[in-house]
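# Inside the fold
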Amino acid sequence: MTKTTPQLVLLRQAYHDRVFDWLDQSDDAQSYRTHRMLEVQLPDEFKLVVYRDSDMAIHNGWLFINPWFEFDGASGPARDAVGNLLASLIHDALGRAKLRGCVGYTYRQTHRVYRDRMLVEGDSKLLAYTHWILLVVGNPWYRLWCRIIGKDGA
């Protein structure tokens, strides 16, 4: 068992506070809502993607998310944690833009952004790659199931 130093605890708390500074639980307590404008730099492969609606914009390799954007956090058996909340937000925003007709990238690229963001946010490689594999394998089946049951946004 490793011993946690007080400095490491303070760094974790500071990071936790920074992550939750832009996030609120929504009224239904099953999703989250941003309460400030977020700007997230995307990988270079998104440089030529252009998209805009009332919730978000993608331009010149940046994702801009407006306040009050609602997202459901990590899907399936994944847990919502500090390390994957921003990854989930980015993944949901890119997926929603794709569903609304945005072109220039694939769902697999959104899954890769999710995995890479989890690594940047400090999650373990095992967890990040497990989530990524489940997204790549499970997402097409999830979308098919949602279409069968008539769920919107699949």
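Our subject is the structure listed above.
We now turn to the structure provided with this report.

Rules used in this analysis
Residues numbered from 1 in each chain as written. Predicted model: local features only at pLDDT ≥ 70, side-chain atom pairs only at ≥ 80, totals over all residues. Heavy atoms only, no water. Helix = DSSP H or I, 4+ residues; strand = E, 2+ residues; numbered from the N terminus. Contact = heavy atoms within 4.5 Å. Core = buried A, V, L, I, M, F, W, Y, C linked by side-chain atoms within 4.5 Å. Buried < 20%, exposed > 50% of the residue type's maximum accessible area, 1.4 Å probe, protein only. Phe/Tyr/Trp six-rings, centres within 6.5 Å; stacked < 30°, edge-to-face > 60°. Lys NZ or Arg CZ within 6 Å of the ring centre and 35° of its normal. Pairing = 2+ DSSP bridges.

## Digging into the overall build of the protein chain
Helix and strand counts for the protein chain come out as 4 helices and 7 strands. Ordered by position in the sequence, the α and β elements of the protein chain form the string α-β-β-β-β-β-β-β-α-α-α. Considering only contacts within the protein chain whose residues lie at least 6 apart along the sequence, 55% involve residues at least 24 apart.

## Regarding the nonpolar core
Counting 25 residues, the largest nonpolar core has I58 and L63 as its most contacted members. Those elements that place two or more of their residues in this core are β3 (38–41), β5 (56–59), β6 (62–65) and α2 (82–99). If you tally residues by element for this core, the top one is α2, at 7 residues. In contact with I58, not counting residues within four places along its chain, are L42, V49, V50, Y51, L63, L94, A97, C102 and Y105. By size, the runner-up hydrophobic cluster in this structure holds 5 residues, among which are A87, M118, A128 and L135.

## Notes on the packing of aromatic side chains
Using the criterion set out here, one finds 3 aromatic pairs in the structure. Ring geometry for F46 against Y105: centres 5.1 Å apart, planes inclined by 45°, an arrangement best described as tilted. Residue F46 is located in the loop between β3 and β4 (51–52), and its partner Y105 is located in the loop between α2 and α3 (107–120); the two are separated by 59 residues in the primary sequence. Aromatic side chains Y129 and W132 sit 6.1 Å apart centroid to centroid with 80° between the ring planes, which places their arrangement in the edge-to-face category. Of this pair, Y129 and W132 both sit in helix α4 (residues 125–149), 3 residues apart, roughly one helical turn. A relative accessible area of 35% means that Y129 is categorised as partly exposed. Overall, W132 belongs to the partly exposed group, its relative accessible area being 25%. Sitting over the face of the ring of Y105, K98 holds its NZ or CZ atom 5.2 Å from the ring centroid.

## A few points about the pairing of β6
Burial along β6 is one-sided: the residues L63 and I65 are buried and none of W62 and F64 is. Judged from the 4 bridges that link them, β3 and β6 form a sheet pairing that is antiparallel. From the neighbouring strand, E39 faces β6, where its bridge partner is F64. With 4 bridges joining them, β5 and β6 adopt antiparallel strand pairing. Note that in β6 the partner of H59 across the bridge is W62. Here β5 folds back onto β6, and the loop between the two strands holds 2 residues, one of which, N60, carries a positive phi near 55°.

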